[in-house]
Amino acid sequence: MNTLLLLMKREYWEHRSFVWTPVWITSAILILTLLTTISAEIFAGRAGIPMGFTLDALRYGSAGLAEFSNGFDLSQLMFAAASCIGVFAVSFFYLLGSLYDDRRDRSVLFWKSLPISDTATVASKALTAMLVIPSFALAISTLAYIAFVALIVLWAGMHGLSALPAVADAHPLAMFSHLLLMLPIGALWTLPTVGWLMFWSAYARSKPFMWAVLLPIIAVIANAWLHLIGGPHIGGDVSFVAILSRLLFSVMPGGWLNATSFDLHDRHIVDTLDPGRIGAVLGSPNLWLGVVAGLALLAAAVWLRGRRIETNV
Amino acid sequence: MSTPMGTIVHARNLCKNYNTTKALDAVSLDIQAGRIVGLIGPNGAGKTTALKAILGLTDFTGELSVLGLDPRTHRPRLMEQVCFIADVAVLPRWLRVREAIEFVTGVHPRFSREKCQAFLARTKIEPHMRVRELSKGMIAQLHLALVMAIDARLLVLDEPTLGLDILYRKAFYESLLTDYFDENRTIIVTTHQVEEIEHILTDLVFIRDGKIVLAATMDEVGERYAEVLVNPDRAQAARALNPLNERQIFGKSIFLFDGVERARLAELGELHKPSVADLFVATMKGTYA
């Protein structure tokens with residue numbers, strides 16, 4: 001257990017982008033928010049319009065309050081979602097290099113000189129992508145959201161309005177716990193992509209990207225072409241494209257929400273992310289087939305890790 | 001598998017092919033505890049493959065036991081007792097010195113952080129430095145400090161001083177001898193700079209085209225091989241004794257003999273102990289032809 005934690009710490013030492021990517025993304029949003037607010041104030045002042053119509057909701061009693069607080073909850077989700085784009089990019093390329101980069105620079109010979117099993121190595125890297133990267137992103141986006149709330153409260157205060165009732169009416173803790181709950185479910189969902197990318201990362205003697213990405217694309221095109229000329233192809237109920245996108249894009253956090261009754265048009269965003277609804281994905285065969293496929297690919301990656309050290313570089 | 005006590009490496013009939021080339025061709029070898037074994041061979045002779053087999057880093061056929069374990073199936077357990085340095089370029093460039101120490105402390109049950117820090121205190125290496133900021137020589141010092149702080153029974157060195165200047169090379173082997181080696185440890189080393197390690201070796205193994213062509217202790221080598229400096233008038237008589245090699249120097253000939261009686265050689269001229277390098281050149285004649 002201790003070894004596994006240390007192995008995951010090593011991944012963090014090597015890849016500080018786990019932290020910096022969400023920091024850059026959320027800071028960019030905060031800075032844009034600040035700039036927009038300032039420019040709105042300046043333009044409104046020049047035109048002589050009494051500022052504050054966007055804050056109107058705060059003036060209209062409880063209905064307006066509910067809308068405003070729902071806006072806060074939505075912002076919390078949006079901050080998390082924005083860092084997710086970063087999570088996707090970081091995880092994807094992290095996994096693709098996870099069992100290849102150290103073979104290319106031959107540092108694998110150093111790691112292999114220590115009493116660590118290939119299983120532990122592969123497990124630490126898979127868990128890093130499944131849990132560590134999204135956890136960092138959630139923590140950072142939560143901090144950014146707190147800064148955002150402070151900004152809004154301050155802004156409303158400048159116009160003699162108090163946003164505090166709306167803050168009190170929002171559900172930051174419930175939202176956070178729902179987002180937190182999405183982490184382990186999301187981790188299960190990512191498994192096929194984690195397995196797929198790590199498999200090719202362990203397999204490739206050069207250019208793992210080619211194998212992992214171009215191979216499926218060529219397969220899809222070939223399949224479509226076979227379909228077109230009426231040859232034998234994969235079609236019907238099981239969509240070939242759906243399987244391949246599951247293998248390639250499942251590390252997109254929340255990508256699985258389509259498989260639930262998730263709907264942003266709900267009246268309250270906090271209800272949308274209700275554990276009962278989110279958890280429904282645990283009953284879908286799609287999730288569990290992916291878990292099985294992912295674990296099989298990871299087992300193959302462990303096997304390859306024990307045998308393949310040379311690269312072509 | 002029955003392995004005699006004190007046998008560190010026990011290999012029988014090891015074979016490994018890369019496509020059509022035989023990297024290991026029926027290699028059988030025993031290495032005893034407390035020895036420093038030089039594994040010497042031309043480029044592509046199979047040295048690195050042999051070491052990789054011992055370290056569980058490659059597949060092969062045949063029977064091999066290292067410290068009583070099969071490296072193919074027990075690499076993690078084996079690595080608690082075996083260390084290796086595979087040339088200076090293998091420490092990850094992003095790693096900081098203190099991270100390296102923390103990591104090895106955590107994963108290696110026989111690593112002593114204090115020892116490692118004591119070794120590093122004698123160098124210019126600082127804990128906050130990254131490997132990419134270190135010179136080649138400093139990387140070798142760091143790797144050696146990490147390895148010497150591990151209480152291992154077998155140390156495998158594959159060209160550990162490649163690309164280092166002579167000061168670092170001398171210091172490297174000196175620390176190994178004075179601070180690390182004792183009768184409970186065994187060292188296997190490959191290098192092309194034979195003359196620099198000759199004096200520290202206790203055993204010599206020559207490998208050529210995947211085959212072991214010589215495996216002997218240095219004492220045996222000294223008894224078996226002799227060099228004779230022969231005047232031109234006796235050269236014909238010397239050639240009749242089937243020398244391994246003949247070279248010219250200052251108008252005289254130097255002949256290298258294998259297993260010829262000392263008394264007969266002494267009649268021909270001045271006797272010398274051949275250097276490992278000369279022995280190597282004579283043995284490997286025609287390798288690249």
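Conventions used here
- Residues numbered from 1 in each chain as written.
- Chains lettered and ligands numbered in written order.
- Predicted model: local features only at pLDDT ≥ 70, side-chain atom pairs only at ≥ 80, totals over all residues.
- Heavy atoms only, no water.
- Pairing = 2+ DSSP bridges.
- Helix = DSSP H or I, 4+ residues; strand = E, 2+ residues; numbered from the N terminus.
- Axes fitted to C-alpha atoms, helices over the stretch in contact; angles between N-to-C directions.
- Domains from an automatic or database assignment.
- Contact = heavy atoms within 4.5 Å.
- Buried area = accessible area lost by both parts, 1.4 Å probe.
- Salt bridge = Lys/Arg side-chain N within 4 Å of Asp/Glu carboxyl O.
- Polar contact = N/O pair within 3.5 Å; in protein donor to acceptor, adjacent residues only side chain to side chain.
- Nonpolar A, V, L, I, M, F, W, Y, C, P; charged D, E, K, R; others polar.
- Phe/Tyr/Trp six-rings, centres within 6.5 Å; stacked < 30°, edge-to-face > 60°.
- Lys NZ or Arg CZ within 6 Å of the ring centre and 35° of its normal.
- Core = buried A, V, L, I, M, F, W, Y, C linked by side-chain atoms within 4.5 Å.
- Buried < 20%, exposed > 50% of the residue type's maximum accessible area, 1.4 Å probe, protein only.
- 1 Å grid on protein atoms, 1.4 Å probe; cavity = no way out; pocket = protein on both sides within 12 Å on 5 of 7 lines; lining within 4 Å.
- Points joined across faces, edges and corners; volume = space filled by probe spheres on them.

Let's shift gears to the sheet that holds strand β1 (residues 7-18) of chain B. All names here are of chain B. As summarised here, the arrangement of the three strands in space is β2-β1-β4, forming an open sheet in which the pairing is antiparallel. Each edge of the sheet is formed by a strand with only one pairing partner; in this case those strands are β2 (21-32) and β4 (61-66). Here the strands of the sheet are splayed against their neighbours by 15° on average, with no regard to which way each runs. Of the strand pairs in this sheet, β1 and β4 are connected by five bridges, and their pairing is antiparallel. Across the sheet, residue cysteine 15 finds its bridge partner in β4, namely threonine 61.

All names here are of chain B. Taken domain by domain, chain B consists of domain 1 (7-209) and domain 2 (221-283). Using only C-alpha atoms to locate each centre, domain 1 and domain 2 end up separated by 35 Å. Residue-level contacts link nine residues of domain 1 with eight residues of domain 2. Both faces combined, the contact of domain 1 with domain 2 buries some 680 Å², and carbon together with sulfur accounts for 80% of it. Three residues, Glu198, Leu204 and Phe206, lead the burial of domain 1 against domain 2; their summed loss comes to 62% of the area buried on that side. Scanning the region where domain 1 abuts domain 2 turns up zero salt bridges. Summed over the shared surface of domain 1 and domain 2, the number is two residue pairs in polar contact (both at pLDDT 80 or more). Counting residues per element, the ones that place at least two in the side of domain 1 that touches domain 2 are α7 (194-197) and β8 (203-208). Per-element accounting of the side of domain 1 that touches domain 2 gives the leading share, three residues, to β8. In terms of residue class, the side of domain 1 that touches domain 2 is built from five nonpolar, one polar and three charged.

On the chain A side, the residues contacting the 28 residues of chain B number 24 residues. When the two sides are added together, the surface that chain B and chain A hide from each other amounts to roughly 2,500 Å², 66% of it contributed by carbon and sulfur. Where chain B touches chain A, the interface holds four salt bridges. Residue glutamate 102 of chain B is joined to lysine 9 of chain A by a salt bridge in which the shortest nitrogen-to-oxygen separation is 2.6 Å. Every element with two or more residues in the side of chain B that touches chain A is listed here: α2 (71-78), β5 (82-85), α3 (97-107) and α5 (136-148) of chain B. Looking at the side of chain B that touches chain A, the element that brings in the most residues is α3 of chain B, giving six residues. Classifying every residue of the side of chain B that touches chain A gives 18 nonpolar, three polar and seven charged.

All names here are of chain A. The tally for this structure, following the rule as stated, stands at 20 aromatic pairs over all chains. Each residue in the set Phe88, Phe92, Phe93, Phe209 and Phe249 is aromatic and connected to the rest through ring pairs, giving one cluster. Above the ring of tryptophan 111, the side-chain terminus of arginine 10 is found at 4.3 Å from the ring centroid. The side chain of arginine 16 reaches across the aromatic face of tyrosine 12, ending 4.7 Å from its centre.

The next thing to look at is the nonpolar core. Counting residues in hydrophobic clusters, the biggest one holds 101 residues, and the most contacted among them are Leu176 and Leu204 of chain B. With eight residues, α5 of chain B is the largest single contributor of residues to this core. Not counting residues within four places of it along the chain, the set of residues in contact with leucine 204 of chain B comprises Gly38, Ile40, Leu214, Ala215, Ala216, Met218, Val221, Val276 and Leu279 of chain B. Among the nonpolar cores identified, the runner-up in size contains 39 residues, and Phe92, Met130, Val132 and Phe199 of chain A belong to it.

All names here are of chain B. Two strands pair when backbone bridges link them, and β1 and β2 are joined in this way by eight bridges, in the antiparallel orientation. Counterpart to lysine 16 in the pairing with β2 is leucine 24. Hairpin remark: β1 followed by β2, antiparallel, with two residues in the connecting loop; positive phi at asparagine 19, about 50°.

Right, let's talk about the layout of surface pockets for a bit. As a volume, the largest pocket reaches approximately 650 Å³. What lines the largest pocket is a set of 34 residues, among which Arg106 of chain A together with Thr48, Thr49, Lys52 and Asp158 of chain B lie closest to the centre. Sorting elements by how many residues they give to the lining of the largest pocket places helix α1 (residues 47-54) of chain B first, with five residues. Taken together, the residues of the lining of the largest pocket sort by class into 14 nonpolar, nine polar and eleven charged.

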